[in-house]
Amino acid sequence: MKEMILILDFGGQYNQLIARRIRENNVYCEIHNYNEKVFELIKEKSPHGIILTGGPQSVYDDQSIQCDKKLFSLGIPILGICYGAQAMAYSLGGRVEMAGVGEYGKADLTLLADSKLFHGIKRNSVVWMSHSDKITMAPDNFKATAATKDCQIAAFEKAGKNLYAVQFHPEVVHTVEGKKILSNFVDICKCSRDWKMDSFIEETVAQLKNKIGDKKALCALSGGVDSSVASVLLSKAIGKNLTCVFVDHGLLRKNEADEVENIFKHYDLNFIRVNAGERFLNALEGVTDPERKRKIIGEEFIRVFESEAKKIGAVDFLVQGTIYPDVIESGLGKSAVIKSHHNVGGLPDYVDFKEIVEPLRLLFKDEVREVGRQLGLPENLISRQPFPGPGLGIRIIGEVTAEKIKIVQEADFIYRSEIAKAQIENLGQYFAALTNMKSVGVMGDGRTYDYAIALRAVMTSDFMTAEAAPIPFEILNKVANRIVNEVKGVNRVLYDCTSKPPATIEFE
């Protein structure tokens, strides 16, 4: 990449959103853990700018992650956000202390001085705060540029050195002018905003050709948009040396295995379907912990791919449709592991391929969809409802059994059918999950003691944050009536109104 912005991660919860906002400005960026090798990383990446993220620690604690003050003398524009702002202040001689009153949620920001970072921003606006420490003295020769009622130094800078810091979070949607602030930082970095999907495709295909050459690769194809786009990219790079293997692990939605096969048999790809439902079910017997389920499913996938590779012969590369949210949620450096994705944190220690290739590893979901459109994939495939690799294994709370799979498949089919009939738009993802709760009900004048189904529908642009969708009650009521009457073993239907965060989109 000719130009990029480097995001140094201190373990904050919104770090992936920073990357998303920078890419919305057509500027490439990467998130890397802040560690002792940060100067080697900067030398390798040659970034046009650096962003220091938020984090959960206090900069004055002995165990906290500290910034080397040499970072701020490299001549590279730097923006510190929340903990990143405090780390900048502390390392350069400013003062950071525990706040008498913490700020969490919306706060009213007032600009105190002109600033390139706040160019075109209203003097008074709403920002999103999340901090219990505050900067009580800026470093020498820095000036405060914004304040809130409880935070007198909500932003500060040394414009002559292109060093900027904000205590609030411009990356979240609750900061009204946040996108504009980050766009201003892109201008400060003098980025040309020329990173687009067509250039990504050209560069990625060339890299894949160079890496794989005339060797063989096996693509783990699920039928979802991520693995489908990865397979077409690889096909453009290595042609018939690619074999796409679709594993029916018995945890797919109703009729989905046949639908996937029907889609891809029309493409000029080496396509293999493997029916492995019984194998996966046996491996999951008695397992209730969601992390264990994810890791078991991840390992079984790899073993099936290894088996198929031996049949093909001399396959060196395994191709996966891993995307950036998978990597981030599975743990990035010292950031928290939210959930181990089967194709990242769920991989076994030993994988019998020379290398795993992940051409989409640094893209967000909507960016993957745009690559698919650039590659000419049909819109019904590009806009297909996302489905996790572990499938219904993580939409069944507790142990996975054949009976439970049948229940959630039928309930999910009814839910998706009614959503389609109602033509509800702007839904990022919607599905039914089977809870591990049983409760008393009454049907046909008799007592029942059956499972509860939970319905989920969210609106999202990037799948890193999401809001619960306000599905009309009459539709939910119709879905609930159909499920309890048509699906044996269910006597109660619930609707999940939780956003992400604090919840995740999937249940496990």
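What counts and how
Residues numbered from 1 in each chain as written. Predicted model: local features only at pLDDT ≥ 70, side-chain atom pairs only at ≥ 80, totals over all residues. Heavy atoms only, no water. Helix = DSSP H or I, 4+ residues; strand = E, 2+ residues; numbered from the N terminus. Rg over C-alpha atoms; globule rule 2.2 N^0.38 Å. Buried < 20%, exposed > 50% of the residue type's maximum accessible area, 1.4 Å probe, protein only. Contact = heavy atoms within 4.5 Å. Areas by Shrake-Rupley, 256 points an atom, 1.4 Å probe, with all protein chains shown as cover. Lys, Arg positive; Asp, Glu negative; His and termini not counted. Charge placed at Lys NZ, Arg CZ, Asp CG, Glu CD. Pairing = 2+ DSSP bridges. Axes fitted to C-alpha atoms, helices over the stretch in contact; angles between N-to-C directions. Phe/Tyr/Trp six-rings, centres within 6.5 Å; stacked < 30°, edge-to-face > 60°. Expected span 1.5 Å × (residues − 1). Parallel < 35°, antiparallel > 145°, perpendicular 65-115°, else oblique. Nonpolar A, V, L, I, M, F, W, Y, C, P; charged D, E, K, R; others polar.

### A few points about the overall build of the protein
Turning to step 1, where the next piece is worked out: Across its full length, the protein holds 14 helices and 18 strands.
Turning to step 2, where the next piece is worked out: A globule of 508 residues ought to have a C-alpha radius of gyration of about 23 Å, and the protein, at 25 Å, matches this closely.
Turning to step 3, where the next piece is worked out: Dimensions of the protein, computed from the C-alpha atoms along their principal axes, are close to 75 × 65 × 40 Å.
Turning to step 4, where the next piece is worked out: Looking at the protein as a whole, 57% of its 508 residues are labelled buried.
Turning to step 5, where the next piece is worked out: For the protein, the proportion of contacts with a sequence separation of at least 24, taken over those separated by at least 6, is 74%.
Turning to step 6, where the next piece is worked out: Entry remark: accessible area of the protein is about 22,100 Å², with carbon and sulfur atoms responsible for 48%.
Turning to step 7, where the next piece is worked out: For the protein, the distance from the average site of its 63 positive side-chain charges to the average site of its 67 negative ones is 2 Å.

### Let's talk about helix α11 (residues 365–374)
An α-helix turns once per 3.6 residues; consequently, residues spaced three or four apart project the same way.
Turning to step 1, where the next piece is worked out: For α11, every residue scored as buried is listed here: K365, E367, V368, R369, V371 and G372.
Turning to step 2, where the next piece is worked out: Where α11 is buried, its residues contact α1 (15–23), α5 (197–212), α6 (225–238) and α12 (379–382).
Turning to step 3, where the next piece is worked out: Downstream of α11 by a residue or two, G376 has a phi angle that is positive, lying close to 85 degrees.

### As for the sheet that holds strand β13 (residues 315–319)
Hydrogen bonds between backbone groups are what pair the strands of a sheet, and the pairing can be parallel or antiparallel.
Turning to step 1, where the next piece is worked out: Read across the open sheet, the five strands follow the order β12-β11-β10-β13-β14; overall the sheet is parallel. Each edge of the sheet is formed by a strand with only one pairing partner; in this case those strands are β12 (270–275) and β14 (355–357). Strand-to-strand twist in this sheet, taken as the mean axis angle between neighbours without regard to direction, amounts to 30 degrees.
Turning to step 2, where the next piece is worked out: Where strand β10 (residues 216–220) lies against strand β11 (residues 242–248), four bridges are found, and the strand directions are parallel. The residue bridging L218 from the neighbouring strand is T243, located in β11.
Turning to step 3, where the next piece is worked out: Docked against the sheet, helix α7 (residues 256–264) engages β11 and β12, running at close to 170 degrees with respect to β12.

### What about the packing of aromatic side chains?
The way to describe two aromatic rings as a pair is by their centre distance and the angle between their planes.
Turning to step 1, where the next piece is worked out: The full count for this structure, using the stated rule, is eleven aromatic pairs.
Turning to step 2, where the next piece is worked out: With a centroid separation of 4.9 Å and an interplanar angle of 20 degrees, the aromatic rings of F10 and Y34 are classed as stacked. With F10 in the loop between β1 (5–9) and α1 and Y34 in the loop between β2 (29–33) and α2 (38–45), this residue pair connects regions lying 24 residues apart in the sequence.
Turning to step 3, where the next piece is worked out: The buried category is assigned to F10, whose relative accessible area is 3%.
Turning to step 4, where the next piece is worked out: The exposure class of Y34 is buried, given its relative accessible area of 6%.
Turning to step 5, where the next piece is worked out: When the ring of F431 is compared with that of F507, the centres are 6.1 Å apart and the planes differ by 80 degrees; the resulting orientation is edge-to-face. Here F507 lies in the segment after β18 (490–495) and F431 lies in strand β15 (residues 429–443), a separation of 76 residues in the sequence.
Turning to step 6, where the next piece is worked out: A relative accessible area of 0% means that F431 is categorised as buried.
Turning to step 7, where the next piece is worked out: Three or more aromatic residues link up through ring pairs in this structure, and these residues are F10, Y34 and Y83.

### Thoughts on the side chain of T243
Turning to step 1, where the next piece is worked out: In this fold, T243 is placed in strand β11.
Turning to step 2, where the next piece is worked out: Here T243 is in contact with A217, L218, C219, N270, I272 and I312, once residues within four sequence places are set aside.

### Let's talk about unusual backbone geometry
Turning to step 1, where the next piece is worked out: Across the junction of K500 and P501, the peptide omega takes the value -15 degrees, indicating a cis bond.
Turning to step 2, where the next piece is worked out: For P501, the location among the structural elements is in the segment after β18.
Turning to step 3, where the next piece is worked out: The phi torsion at K190 lies on the positive side, around 60 degrees, for a residue other than glycine.
Turning to step 4, where the next piece is worked out: When you line up the elements, K190 lands in the loop between α4 (178–188) and α5.
Turning to step 5, where the next piece is worked out: Judged by its relative accessible area of 70%, K190 is exposed.
Turning to step 6, where the next piece is worked out: Unlike most non-glycine residues, N255 shows phi in positive territory, near 70 degrees.

### Structural notes on α6
Turning to step 1, where the next piece is worked out: Between the first and last C-alpha of α6 there are 20 Å, a value that for 14 residues agrees with the 20 Å anticipated at 1.5 Å per step.
Turning to step 2, where the next piece is worked out: With twelve of 14 residues buried, α6 lies mostly within the body of the structure.
Turning to step 3, where the next piece is worked out: All buried positions along α6 are accounted for by V225, D226, S227, S228, V229, A230, S231, V232, L233, L234, A237 and I238.
Turning to step 4, where the next piece is worked out: Backbone geometry just after α6 places G239 at a positive phi near 60 degrees.

### Considering the packing of α5 against α11
In a pair of packed helices, the angle between the axes and the distance between the axes together describe the arrangement.
Turning to step 1, where the next piece is worked out: At a closest axis distance of 9 Å, the pairing of α5 and α11 adopts a crossing angle of 75 degrees. In terms of orientation, α5 lies roughly perpendicular with respect to α11. Residues M197, D198, F200 and I201 of α5 pack against E367, E370, V371 and Q374 of α11.
Turning to step 2, where the next piece is worked out: Residues that form the contact of α5 with α11 fall into these classes: four nonpolar, one polar and three charged.

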